[in-house]
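Letter by letter, the chains look like this.
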Amino acid sequence: MRFIWGKKEFTLMIIPGANRRTVRFKLPHSSLYIVPSVILLVLIGFFVTIYFMNTHSHRTRNNMQQVFDGQERQLVDQITHKNSELEQLQANLIDLSQQANEFKLKLEEIKKIDHVIELMSETEGAKGTSKKTAAPSTQQPKGKNSDIGGSDVPVTSQDVSLLVNSTKEGLFSLVGDINALLLHLNESEAKLKEAQYVSSITPTLWPTVTHSITSGFGVRIDPFTSKPSMHTGFDLDGEMNDDVYATAAGKVVEASFDNEHGNHIIIDHTRGLQTEYMHLNKMLVKRGESVKKGQKIGLIGTTGRSTGSHLHYEVQKNGVPIDPNPYLKTDRKDEKP
Ligand SMILES: [Zn+2]
């Protein structure tokens, strides 16, 4: 190869060998500047591309690092948050466990009260029998403000698990206890209502404020004939116009006058029991009226076959007069409204 310089151009000759044809390229002078310029531009372009790629990669790496850092911080925050939540849950669990224990103690007290109600209903049913009620509770729930102390031992997951299990078992047994207690309470309530009803229709009340009996139930000398006769009730000594009360709830089946009983009231208490109040000065109820136990029904007098102001009080069982004495247990002021 050889260069032959002309005026405005130069020739590039390529001589391959002795027996082969020479190849000539005619090139303008300007190509001497253009070709290196093109090469230079290509080189600059290459380096600029490398530079930008490098810068971009660096920026990407920084961005990724920032993203990772952010995610790491988030994770740490989340873990811290979860830890505090866990601590809160543990605290709640301990609280719940303590509450369950306190509740259990309360339940024991309620059971005792239920027992007392049961005894009360039995007592109501058989008034006069002196049954003892249950002893008051000696087991007191521990107050929340009890003094506490001790060293701070961290809670392990095993401790928490044990507490969860024991609390769960405690709550299950409590639910069972509550269900049984509710059933029992309902039965007790029904028994108590029945006992209260029986008590309301049983003539256990004194018909007058005075308890002074001038003539008892049984055989006596008749004050009019002076001969022995059966006295079918009590004669209660009272002043004229003293109050007379219904000794049990019931319905007035008689409120009238006759020469023997004077003004007299008969109250039917169902179950075969009736009470009669004789010689009244005034009757304050009418036939067919319902009366409550302890209601004022008349005033003491001396009407009919009577020698002076008194109340003849009589209790009849299935139409037969019986001794009122075993029934008379309470005063009007002692009865609950
Ligand atoms: Zn009498």
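Quick look at the structure, then. (Residues numbered from 1 in each chain as written. Predicted model: local features only at pLDDT ≥ 70, side-chain atom pairs only at ≥ 80, totals over all residues. Heavy atoms only, no water.)

### Examining the coordination of the zinc ion
The expected angle between donors at a tetrahedral four-coordinate metal is 109.5 degrees. At an octahedral six-coordinate metal it is 90 or 180 degrees. Around the zinc ion, the protein supplies H231 (NE2), D235 (OD) and H312 (ND1) as donor atoms, at distances of 2.0 to 2.2 Å. All donors of the zinc ion come from a single chain, and their spacing in sequence reads H-x3-D-x76-H. Note that H231 is positioned in strand β6 (residues 228-231) and H312 in strand β14 (residues 310-317), a separation of 81 residues in sequence. By relative accessible area, which is 3% here, H231 ends up buried. (Donors = N, O, S within 2.8 Å, 3.2 Å for Na, K, Ca; no water. Helix = DSSP H or I, 4+ residues; strand = E, 2+ residues; numbered from the N terminus. Buried < 20%, exposed > 50% of the residue type's maximum accessible area, 1.4 Å probe, protein only.)

### Thoughts on the nonpolar core
Side chains that are nonpolar tend, in soluble globular proteins, to be buried together. Judged by nonpolar contacts, the single largest core of 19 residues is most densely connected at I265, I267, Y277, I297 and L311. Those elements that place two or more of their residues in this core are β7 (234-237), β10 (262-268), β11 (273-283), β13 (296-300) and β14. (Core = buried A, V, L, I, M, F, W, Y, C linked by side-chain atoms within 4.5 Å.)

### A look at the pattern of salt bridges
Here the structure, examined in full by the defined rule, presents six salt bridges. Measuring nitrogen to oxygen at the nearest pair gives 3.3 Å for the salt bridge that ties R220 to D235. With a gap of 15 residues between them, R220 in strand β5 (residues 218-221) and D235 in strand β7 connect regions that are remote in the sequence. R220 sits in the partly exposed class, given a relative accessible area of 23%. (Salt bridge = Lys/Arg side-chain N within 4 Å of Asp/Glu carboxyl O.)

### Things to note about the packing of aromatic side chains
For the structure shown, the criterion picks out three aromatic pairs. An angle of 70° between the planes, with centres 5.6 Å apart, marks the rings of F46 and F47 as edge-to-face. Summarising the aromatic geometry, the rings of Y51 and F52 are spaced 5.7 Å apart at their centres and angled 70° between planes, so their arrangement reads as edge-to-face. The exposed category is assigned to Y51, whose relative accessible area is 53%. Its relative accessible area of 53% is what places F52 among the exposed residues. (Phe/Tyr/Trp six-rings, centres within 6.5 Å; stacked < 30°, edge-to-face > 60°.)

### Overview of a nonpolar patch on the surface
A grouping of V35, I39, L43, F46, F47 and I50 is seen on the molecular surface, where their side chains present a nonpolar patch of about 590 Å² in accessible area. Within the secondary structure, I39 is located in helix α1 (residues 31-125). Under the relative-accessibility criterion, I39 is labelled partly exposed at 47%. (Patch = residues over 30% accessible without salt bridge, like charges linked within 9 Å, V, L, I, M, F, W, Y side chains within 5 Å. Areas by Shrake-Rupley, 256 points an atom, 1.4 Å probe, with all protein chains shown as cover.)

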